[in-house]
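Structure assessment
Residue-level listing of the chains:
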Number of protein chains: 2
Amino acid sequence: MEETVLSGLMSCLYHETRCIPDVLLENCMGRSFDSRPDKSADGSRDNPRATGAVRLSDVAAAAGVAAMTVSRALNQPELVSERTRERVQRAVIETGYVPNRVAGALASSRSKMVAVLVPTVAHSLFADVVQSITDTLALEGYQVLLGLTGYQTQEEAAVVETVLSRRPDALVVAGTRHSEATRARLKAARIPVVEMWDMSDDPLDMLIGFSHRAVGEAVADYLLGCGYQRFGQAMADDPRSHQRAEGFNARIAAEQAARPDAGIAVTTCWAETPASLVGGRTAAASLLADMPDCEAIVCSSDTLAMGVIAEAQSCAMAIPQALAVMGFGDMSFAAATWPALSTVRIDGAEIGRLTAEHLLKRFESAGSGPVYDVLDVGFEIMARQTTLASRS
Amino acid sequence: MEETVLSGLMSCLYHETRCIPDVLLENCMGRSFDSRPDKSADGSRDNPRATGAVRLSDVAAAAGVAAMTVSRALNQPELVSERTRERVQRAVIETGYVPNRVAGALASSRSKMVAVLVPTVAHSLFADVVQSITDTLALEGYQVLLGLTGYQTQEEAAVVETVLSRRPDALVVAGTRHSEATRARLKAARIPVVEMWDMSDDPLDMLIGFSHRAVGEAVADYLLGCGYQRFGQAMADDPRSHQRAEGFNARIAAEQAARPDAGIAVTTCWAETPASLVGGRTAAASLLADMPDCEAIVCSSDTLAMGVIAEAQSCAMAIPQALAVMGFGDMSFAAATWPALSTVRIDGAEIGRLTAEHLLKRFESAGSGPVYDVLDVGFEIMARQTTLASRS
DNA sequence: TCAGTTGATGTTAGCGCTATCATTGCGCTT
DNA sequence: AAGCGCAATGATAGCGCTAACATCAACTGA
């Protein structure tokens, strides 16, 4: 008898046609079977390995169709008749079904996840990229698995392996310098890979970024054009900063060769990563000690630049008259400080958006292999108040 | 002796960090089966649904043991003899095996993933928390699934559902205001939930944060103590800012009641989210128009505060003499600007670390139910140069 | 000597989904 | 009436892993 009563309850639960208000929904969320500890129709409910969550087959029973039909109604609704789709829809709501994409991913070998590997999100440059990738991918139902690699190649290898074990549909990684083991693993994974935030002659697959060397060169050209001749560099000790320093130094060396008597010189101080205000102050002090007639200090980040400015102000050096300062990143505060910081602007959100869009395109045209797309998004020199356009 | 070395190596292999030297790995990456196009031992390699990746059973065949033994060697090395463990490890390297945690998660219903839901990572406050959670969880081999909810409750509901479909082992969410449907889903998921960055009388499970109302009260007390009497508020229009504004207004109201003739007043301007410099400037202009004798402007973020300062400077108002400004967040630039911004400091990294640690503790003692732990990490008022300690 | 114990390994049967193919019913032609 | 094409749905068999139990040799103590 109890069986009958309960099965009556079932059919009410499952076959009613009204649209259920939230208030009612709350009570049947989760396992609507909670009130019936015994096995359900298919008898598998008493299996000790079952999770107790509502499954596709529960929804199917509620809707009076096969499990496969529910799966189709949810994932390829165009293959299911309107009538059935509606019934499934109702059953999903009634049962409080939350699909299990772990099982789905295993069965279909598509996870709808994209791994994103950046050194850190605690600095706004990468945070912007992550935000933008996440937002863009979300539009198509993809989610981001976040991996923080720090600034060390070794750590990256470990993160890559852990992340690949989740079988993401694609992987995005900041930078182009990877250990051979990492490169091999990424190739073996046979998924689209986007390297970003950098340029390289030898991309693994897709590459979206800008040339750090070109940034260094452009900054040198800009400052030389302003008339500066004696330079300090306050650089964080990471690979990308090194590239910018190389570009800068190359241009300075060329100018020295062209005008050997102009007194052009550069000295460099490497600061610890992660870059900090204090690091900037220390670096500035050291640079000014080495080169007391230093006219301009180029920094590998806006944060370091703020430290340099603070140090200069504490020595009562006027900026930009006594000392020019150049940052990198154009963080939110750069334009707002006084004097406003001259810096290099990278459009992280744009890099993220492009990355996500290219991936989505790849997913659509699933079959086609790697594209070896390379996109240079460039950069912009923001000449503000910490540099003088023409130094007299 | 060598035995010991290898087993030490194993345990790091299978938990978080790979310690195998790159040199060893390089040569055996990818499918070592590529050279043997025919089916492997169990004959299932010609199945059309197989992914073609190296599987546990391939490793097992290579090591001459059962698949289950390989699984154990990787996940519970203490249950496997040293000799076998060593052979398995060699087979893993030879085959270039990368475990499939999707399958593992389905079989064991433990995903070793934690979902983290924040409004955005493009602002350093939440970025710090995410960074800190990710780092701390990584120590125990857990990974972060990132969900960005924006600032709308409706969006949150959708993100929660998508994220739960990945069956994370726990969920961390910023804020305590959720729709009833979301609360129901979270309860039904039966996983540990941490609400953070906030306080509430009615936590879902664990709660680690601080009271926004208390922040508002403390800021009011601080400014009243400095001698300020006529206040503007430039607040972003999000729930947490509202709470801070409420706290602030409550204290001001109390003071007005206590000293009715002192001329204490407050006016509020709501800025759009996300907060921006421009928003701050606009809000400041509007506040100064409403209340020309305004003495201090309290902002819901450092970013808005920078905008307020910019607007004041453009009107040639001296800060803090003519106008005091108070921020919120103590972002990296706050201490570095001139004048240095007075603000409220929240230790996001600490919140993240505590969150992760409490979750890890919960995972260890798997059986025990919710703890209803509530932790208030507090905040700190950073009195810098944009406020005057005693206004004469 | 033999039941009882232990530790190491193997076997089996799913986890909850989807790819694939099979089946059904319907309208259309010939 | 038989045959065909098509759309909608169902049944089956895995995806790659691990929980749970089974097995087996090597001991233990009486």
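All residue numbers refer to position in the chain's written sequence, counted from 1. Written order determines the labels here, with chains lettered from A and ligands numbered from 1. In keeping with the predicted nature of the model, local features appear solely for residues at pLDDT of at least 70, side-chain atom pairs appear and are counted solely at 80 or more, and the whole-chain, interface and lining totals rest on all residues. Side-chain numbers come from the whole structure's heavy atoms, not from hydrogens or water.

**Here's the deal with the confidence of the model for chain A**
- Per-residue confidence from the prediction method is given by pLDDT, with values spanning 0 to 100. Within chain A, residue pLDDT values average 87, and 86% of them lie at 70 or more.
- Note that pLDDT drops below 50 for residues 1-43 of chain A; the model gives that stretch 50 contacts with residues more than four away or on any other chain. Any two residues having at least one pair of non-hydrogen atoms within 4.5 Å are treated as being in contact.

**As for the interface of chain A and chain B**
- Contacts between the two partners involve 60 residues from chain A, matched on the other side by 62 residues from chain B.
- Here the buried area means the combined drop in accessible surface, using a 1.4 Å probe, for two parts upon being joined, counting both sides. At the boundary of chain A with chain B, total buried surface from both sides reaches about 5,500 Å², with 59% on carbon and sulfur atoms.
- We define a salt bridge as a side-chain nitrogen of Lys or Arg found within 4 Å of a carboxyl oxygen belonging to Asp or Glu. Applying the counting rule to chain A against chain B returns zero salt bridges.
- Here a polar contact means two N or O atoms within 3.5 Å. Within protein one must be a hydrogen donor candidate and the other an acceptor candidate, and residues neighboring in sequence count only if both atoms are side-chain atoms. The interface formed by chain A and chain B contains 22 residue pairs in polar contact (both at pLDDT 80 or more).
- Elements with a contribution of two residues or more to the side of chain A that touches chain B: α6 (101-108), α7 (124-138), β2 (143-148), α8 (153-164), α9 (180-189) and α13 (302-314) of chain A.
- Three categories are distinguished: nonpolar for Ala, Val, Leu, Ile, Met, Phe, Trp, Tyr, Cys and Pro, charged for Asp, Glu, Lys and Arg, and polar for the others, with Gly belonging to the last. Here the side of chain A that touches chain B is built from residues that sort into 30 nonpolar, 16 polar and 14 charged.
- Note on pairing: DSSP must find at least two bridges between two strands before they are called paired. Each helix is a run of H or I in the DSSP string that is no shorter than four residues. Each strand is a run of E no shorter than two, and both are numbered from the N terminus. Pairing between β2 of chain A and strand β2 (residues 143-148) of chain B: three bridges, direction antiparallel. Its bridge partner lying in β2 of chain B, Val 144 of chain A is registered against Leu 146 of chain B.

**Describing the protein's contact with DNA strand D**
- Nearness here has a simple test: a residue counts as near a molecule or strand if at least one of its heavy atoms is within 4 Å of that partner. Within the structure, DNA strand D sits among 27 residues, and Thr 69 and Thr 84 of chain A together with Leu 56, Ser 71 and Tyr 97 of chain B are positioned closest to it.
- A breakdown of the atoms of DNA strand D within 4 Å of the protein gives sugar and phosphate a share of 64%.
- Interatomic distance of 2.4 Å between a side-chain N/O atom of Thr 84 of chain A and a phosphate oxygen of DNA strand D.
- Mapped onto the surface near DNA strand D, the elements with two or more residues apiece are α4 (67-75) and α6 of chain A together with α4 (67-75) and α6 (101-108) of chain B.
- The biggest single contributor to the surface near DNA strand D is α6 of chain B, with four residues.
- Partitioned by chemical class, the residues of the surface near DNA strand D number twelve nonpolar, ten polar and five charged.

**Some details on the pairing of strand β5 (residues 206-209) of chain B**
All names here are of chain B.
- Of the two faces of β5, the one lined by Met 206 and Ile 208 and the one lined by Leu 207 and Gly 209 are each fully buried.
- Two strands pair when backbone bridges link them, and β5 and strand β11 (residues 374-376) are joined in this way by three bridges, in the parallel orientation. Across the sheet, Gly 209 pairs through a bridge with Asp 376, a residue of β11. The rule is simple: take the accessible area with a 1.4 Å probe, protein chains only, and divide by the maximum for that residue type; under 20% is buried, over 50% is exposed, in between is partly exposed.

**Quick look at the side chain of Ser 132 of chain B**
- Examined against the element boundaries, Ser 132 of chain B turns out to sit in helix α7 (residues 124-138).
- Relative accessible area serves as the criterion here: at 10%, Ser 132 of chain B is assigned to the buried category.

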